[in-house]
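The lines below spell out each chain.
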Protein chains: 2
Amino acid sequence: MRNSLFEVMNRQALIEQIQQKKSFLCIGLDVDITKIPTHLLAEEDPIFEFNKQLIDATHHLAVAYKPNTAFYEAYGIKGWKALEKTINYINENYPEIFTIADAKRGDIGNTSTMYAKAFFEDLNFDSVTVAPYMGSDSVEPFLAFENKTTILLALTSNKGGLDFQGLKTEHDELYKEVLKTAITWKNSENLMFVVGATKAEYFSTIRKIVPDHFLLVPGVGAQGGNLQDVCKYGLNKDCGLLINSSRGIIYAGKGEDFAIKAQKEAQKLQQEMAAILEVRSEK
Amino acid sequence: MRNSLFEVMNRQALIEQIQQKKSFLCIGLDVDITKIPTHLLAEEDPIFEFNKQLIDATHHLAVAYKPNTAFYEAYGIKGWKALEKTINYINENYPEIFTIADAKRGDIGNTSTMYAKAFFEDLNFDSVTVAPYMGSDSVEPFLAFENKTTILLALTSNKGGLDFQGLKTEHDELYKEVLKTAITWKNSENLMFVVGATKAEYFSTIRKIVPDHFLLVPGVGAQGGNLQDVCKYGLNKDCGLLINSSRGIIYAGKGEDFAIKAQKEAQKLQQEMAAILEVRSEK
């Protein structure tokens with residue numbers, strides 16, 4: 001499935017895509033079958049059909065798609081097939097798109113290698129999200145893959161995010177320790193970090209630790225984050241942000257025109273992003 | 001697939017199984033297709049065939065099986081099918097066995113609910129391992145399932161385990177904060193904890209925080225942990241330990257007699273466990 005364009009997919013290709021599309025929008029494909037338009041339920045694979053129409057309608061407005069694997073695993077083998085068809089559809093039709101398996105994996109070394117194979121080789125995603133709790137040797141197996149990106153959880157946007165991430169350690173809060181430590185790991189140039197948008201005030205501190213890395217920012221929209229605030233503190237010279245929106249886009253419509261409605265929501269965000277990038281380039 | 005015996009599967013059923021089998025052995029089904037006997041490769045589903053023969057040969061010596069999902073996901077849909085067939089085989093033939101999906105999941109609330117459905121409902125595992133980094137609302141959706149157990153990572157046995165778990169926070173090391181906080185969560189009686197066996201000296205401290213919970217202990221055998229040390233500090237009045245061994249058992253033989261060789265290794269551990277339980281009951 002790997003297409004020649006994918007061979008050069010890396011940070012530079014992502015930056016070029018952002019410049020061309022004037023967008024740093026990532027669309028979260030978190031597909032709950034009870035929330036999709038009912039007319040799709042007659043399809044052989046409703047989840048894939050839903051994704052396909054969404055992707056066709058929004059691929060020029062977004063630079064990345066992020067299926068959350070939980071929503072596919074919940075439907076067992078059928079769900080895994082829908083995930084496989086979705087990633088193949090993107091890779092075949094829109095090879096410029098940066099793909100993220102939002103899987104939040106992480107295990108001891110040999111096991112993390114198996115997860116990396118699952119997402120980087122078998123499914124051919126460009127990146128996967130990984131949890132840091134088990135430390136260096138649980139993350140480095142992912143980082144060892146060339147032209148693949150590992151997106152490490154740092155500060156998450158959920159209510160309980162600060163339960164542990166906000167704990168003050170001897171030097172600093174845990175999420176800062178995670179950032180500081182992770183950038184010392186082998187192949188750390190292949191890292192991005194998840195930073196929740198509900199904590200815009202944290203972005204300036206985070207940028208002092210990781211000025212150059214891309215940050216994947218969930219939580220804009222349904223989770224209450226504000227795009228302007230995030231950009232004010234989070235943008236870097238290469239943009240350096242991927243802003244994810246899921247429910248606000250993919251469930252914008254319930255009828256046969258759901259993809260058009262999703263496109264309109266995506267376009268609103270893209271236009272806001274274009275304006276932010278414009279102002280920034282004038283500085 | 002759910003059998004009436006499973007409806008009462010809970011802590012008490014596990015304790016009774018431990019008493020009857022004089023064993024607290026969990027066998028890790030971490031199946032790497034490059035390591036299984038070559039004669040199985042001619043089978044339609046070599047991974048399932050491998051598991052089936054192992055389970056048939058060891059079910060009277062072990063109280064739990066723990067497939068690590070990474071090893072199945074790495075083979076895509078075929079792997080997921082092998083996982084599904086394996087859990088169904090155990091549930092149908094050995095319903096007394098406690099089953100663990102070693103998946104190390106964890107995400108924001110609605111997403112964790114999807115993972116819980118995947119493992120507790122679709123696949124019908126008794127328990128799943130979960131990572132704590134995202135805090136309370138990433139774990140509580142798992143805990144909400146009745147008659148299901150959530151096994152939270154506390155202290156892991158890998159080299160990098162202490163990178164973050166060992167960080168000193170304002171009150172205590174992170175892994176202790178995780179234990180102390182987790183037992184305050186809703187339905188925390190449905191928790192077990194992962195505690196690595198390479199750190200036997202930590203067990204006495206951990207037992208002060210969680211005297212009654214079961215601990216799942218990987219790292220005996222291939223990872224270097226010592227069973228006697230773990231039991232000395234980790235046993236409680238209900239046993240309270242599940243000791244996992246994977247590679248040391250499942251790859252004990254390479255030939256057509258691999259299941260017999262695995263049985264012998266499992267039996268060695270079971271006998272050691274029986275002796276430990278015997279000594280303890282005499283006290």
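The structure contained in this document is the topic of the report that follows. (Residues numbered from 1 in each chain as written. Chains lettered and ligands numbered in written order. Predicted model: local features only at pLDDT ≥ 70, side-chain atom pairs only at ≥ 80, totals over all residues. Heavy atoms only, no water.)

Quick look at the overall build of chain A
Next, step 1: A count of helical and extended segments in chain A gives 13 helices and 8 strands.
Next, step 2: For 283 residues, the compact-globule formula gives about 19 Å, and the C-alpha radius of gyration of chain A, at 18 Å, lands near that figure.
Next, step 3: Along the three orthogonal principal directions, the C-alpha set of chain A runs to about 55 × 45 × 40 Å.
Next, step 4: By residue count, 64% of the 283 residues in chain A fall in the buried class.
Next, step 5: In chain A, once contacts between residues fewer than 6 apart in sequence are set aside, the share between residues at least 24 apart is 75%.
Next, step 6: For chain A, the centre of its 31 positive side-chain charges and the centre of its 37 negative side-chain charges are spaced 4 Å apart. (Helix = DSSP H or I, 4+ residues; strand = E, 2+ residues; numbered from the N terminus. Rg over C-alpha atoms; globule rule 2.2 N^0.38 Å. Buried < 20%, exposed > 50% of the residue type's maximum accessible area, 1.4 Å probe, protein only. Contact = heavy atoms within 4.5 Å. Lys, Arg positive; Asp, Glu negative; His and termini not counted. Charge placed at Lys NZ, Arg CZ, Asp CG, Glu CD.)

Re the interface of chain A and chain B
Next, step 1: Facing the 54 residues of chain A at the interface are 54 residues of chain B.
Next, step 2: Carbon and sulfur atoms make up 63% of the surface buried where chain A meets chain B, a total of about 4,900 Å² over both sides.
Next, step 3: Of all residues in chain A, Met 114, Tyr 133 and Phe 164 of chain A give up the largest surface area on contact with chain B, accounting jointly for 19% of the area buried on that side.
Next, step 4: At the boundary of chain A and chain B, one finds 4 salt bridges.
Next, step 5: Here chain A is connected to chain B by 30 residue pairs in polar contact (both at pLDDT 80 or more).
Next, step 6: Those elements giving two or more residues to the side of chain A that touches chain B turn out to be helix 4 (69–73), helix 5 (76–93), strand 3 (98–105), helix 6 (109–122), helix 7 (136–143), strand 5 (149–155), helix 8 (162–165) and helix 9 (174–182) of chain A.
Next, step 7: The greatest single-element share of the side of chain A that touches chain B, amounting to 7 residues, is contributed by helix 6 of chain A.
Next, step 8: Tallied by class, the residues present in the side of chain A that touches chain B amount to 23 nonpolar, 16 polar and 15 charged. (Buried area = accessible area lost by both parts, 1.4 Å probe. Salt bridge = Lys/Arg side-chain N within 4 Å of Asp/Glu carboxyl O. Polar contact = N/O pair within 3.5 Å; in protein donor to acceptor, adjacent residues only side chain to side chain. Nonpolar A, V, L, I, M, F, W, Y, C, P; charged D, E, K, R; others polar.)

Some words on the pattern of salt bridges
Next, step 1: Per the stated rule, a full pass over the model turns up 32 salt bridges over all chains.
Next, step 2: A salt bridge links Lys 104 of chain A to Asp 107 of chain B, with the nearest nitrogen and oxygen atoms 2.8 Å apart. Residue Lys 104 of chain A is located in strand 3, and its partner Asp 107 of chain B is located in the loop between strand 3 (98–105) and helix 6 (109–122); the two belong to separate chains. Taken individually, Lys 104 of chain A and Asp 107 of chain B each receive the classification buried, so the pair is uniform in this respect.
Next, step 3: In this structure, the salt-bridge partner of Lys 176 of chain B is Glu 173 of chain B, at a minimum N-O distance of 3.1 Å.
Next, step 4: Through salt bridges with shared partners, one network takes in Arg 11, Asp 212, Lys 237 and Asp 238 of chain A.

What to know about the packing of helix 3 (residues 46–58) of chain B against helix 13 (residues 258–282) of chain B
Packed helices, taken two at a time, are described by their axes: the angle between them and the distance between them.
Residue and element names in this part refer to chain B.
Next, step 1: In contact at an axis separation of 9 Å, helix 3 and helix 13 are set at 45° when each is read in the N-to-C sense. Regarding the angle of helix 3 to helix 13, the classification is oblique. Classified by chirality, the crossing of helix 13 by helix 3 is right-handed. Here helix 3 contributes Phe 50, Gln 53, Leu 54, Ala 57 and Thr 58 to the contact with helix 13, which in turn contributes Phe 258, Ala 259, Ala 262, Gln 263 and Ala 266.
Next, step 2: Across the contact of helix 3 with helix 13, the residue classes break down as 7 nonpolar, 3 polar and no charged. (Axes fitted to C-alpha atoms, helices over the stretch in contact; angles between N-to-C directions. Parallel < 35°, antiparallel > 145°, perpendicular 65-115°, else oblique. Left-handed = near helix turned anticlockwise from the far one by under 90°.)

Quick word on helix 9 (residues 174–182) of chain B
Next, step 1: The element helix 9 of chain B is extensively covered by neighbouring structure, given that 7 of its 9 residues are classed as buried.
Next, step 2: Along helix 9 of chain B, the positions that sit buried rather than exposed are Leu 174, Tyr 175, Lys 176, Glu 177, Val 178, Leu 179 and Ala 182 of chain B.
Next, step 3: Those residues of helix 9 of chain B that are buried lie in contact with helix 8 and helix 9 of chain A together with strand 5 (149–155), helix 8 (162–165), strand 6 (191–195) and helix 10 (203–209) of chain B.

A look at the side chain of Thr 99 of chain A
All names here are of chain A.
Next, step 1: Structurally, Thr 99 is set in strand 3.
Next, step 2: Looking at Thr 99, its side chain comes within polar contact range of the main-chain nitrogen of Asp 126, at 3.0 Å.
Next, step 3: Residues contacting Thr 99, with those up to four places away along its chain left out, are Tyr 65, Ile 87, Ile 90, Asn 91, Asn 124, Phe 125, Asp 126 and Ser 127.

Here we look at the nonpolar core
Next, step 1: Counting residues in hydrophobic clusters, the biggest one holds 211 residues, and the most contacted among them are Phe 24, Phe 119 and Leu 241 of chain A together with Phe 24, Phe 119 and Leu 241 of chain B.
Next, step 2: Leu 241 of chain B has contacts with Ile 18, Phe 24, Phe 203, Arg 207, Phe 214, Leu 215, Val 217, Val 230, Cys 231, Gly 234 and Leu 235 of chain B, leaving out every residue within four places of it along the chain. (Core = buried A, V, L, I, M, F, W, Y, C linked by side-chain atoms within 4.5 Å.)

Some thoughts on the relation of the copies chain A and chain B
Next, step 1: Under the fitted operation, chain A is carried onto chain B by 0.0 Å of movement along the axis and a turn of 180°, and the coordinates agree to an RMSD of 0.0 Å. Taken together, these values place the two copies in the relation of a two-fold axis. Ranked by how close their C-alpha atoms come to the rotation axis, the residues of chain A are headed by Thr 169 of chain A, at 2.0 Å.
Next, step 2: The fraction of interface residues of chain A whose copies in chain B are also interface residues reaches 100%, indicating that both copies meet through the same surface. (Least-squares fit on C-alpha atoms with pLDDT ≥ 70 in both.)

Comments concerning unusual backbone geometry
Next, step 1: Here the phi dihedral of Asn 187 of chain A falls at roughly 60°; this positive angle occurs in a residue that is not glycine.
Next, step 2: Its location among the elements puts Asn 187 of chain A in the loop between helix 9 and strand 6 (191–195).

Quick word on the environment of Leu 167 of chain A
Next, step 1: As for its position among the elements, Leu 167 of chain A is in the loop between helix 8 and helix 9.
Next, step 2: Apart from residues lying up to four places away in sequence, Leu 167 of chain A is in contact with Leu 162, Asp 172, Glu 173 and Leu 174 of chain A together with Thr 169, Leu 174 and Glu 177 of chain B.

Overview of the sheet that holds strand 8 (residues 241–245) of chain A
Residues and elements named next belong to chain A.
Next, step 1: An order of 1-2-3-4-5-6-7-8 is seen for the 8 strands of this closed barrel, with the pairing classed as parallel. Sheet twist, expressed as the average angle between the axes of neighbouring strands with direction ignored, equals 30°.
Next, step 2: Relative to strand 8, strand 7 (residues 215–217) runs parallel, the two sharing 3 bridges. Bridge pairing links Val 217 to Ile 243 in strand 8.
Next, step 3: On top of the sheet, helix 5 reaches strand 1 (25–29), strand 2 (64–67) and strand 3; it is set at about 150° to strand 3, its chief contact.
Next, step 4: In the packing of helix 6 onto the sheet, the strands contacted are strand 3, strand 4 (127–130) and strand 5, and the crossing angle to strand 3 comes to about 155°. (Pairing = 2+ DSSP bridges.)

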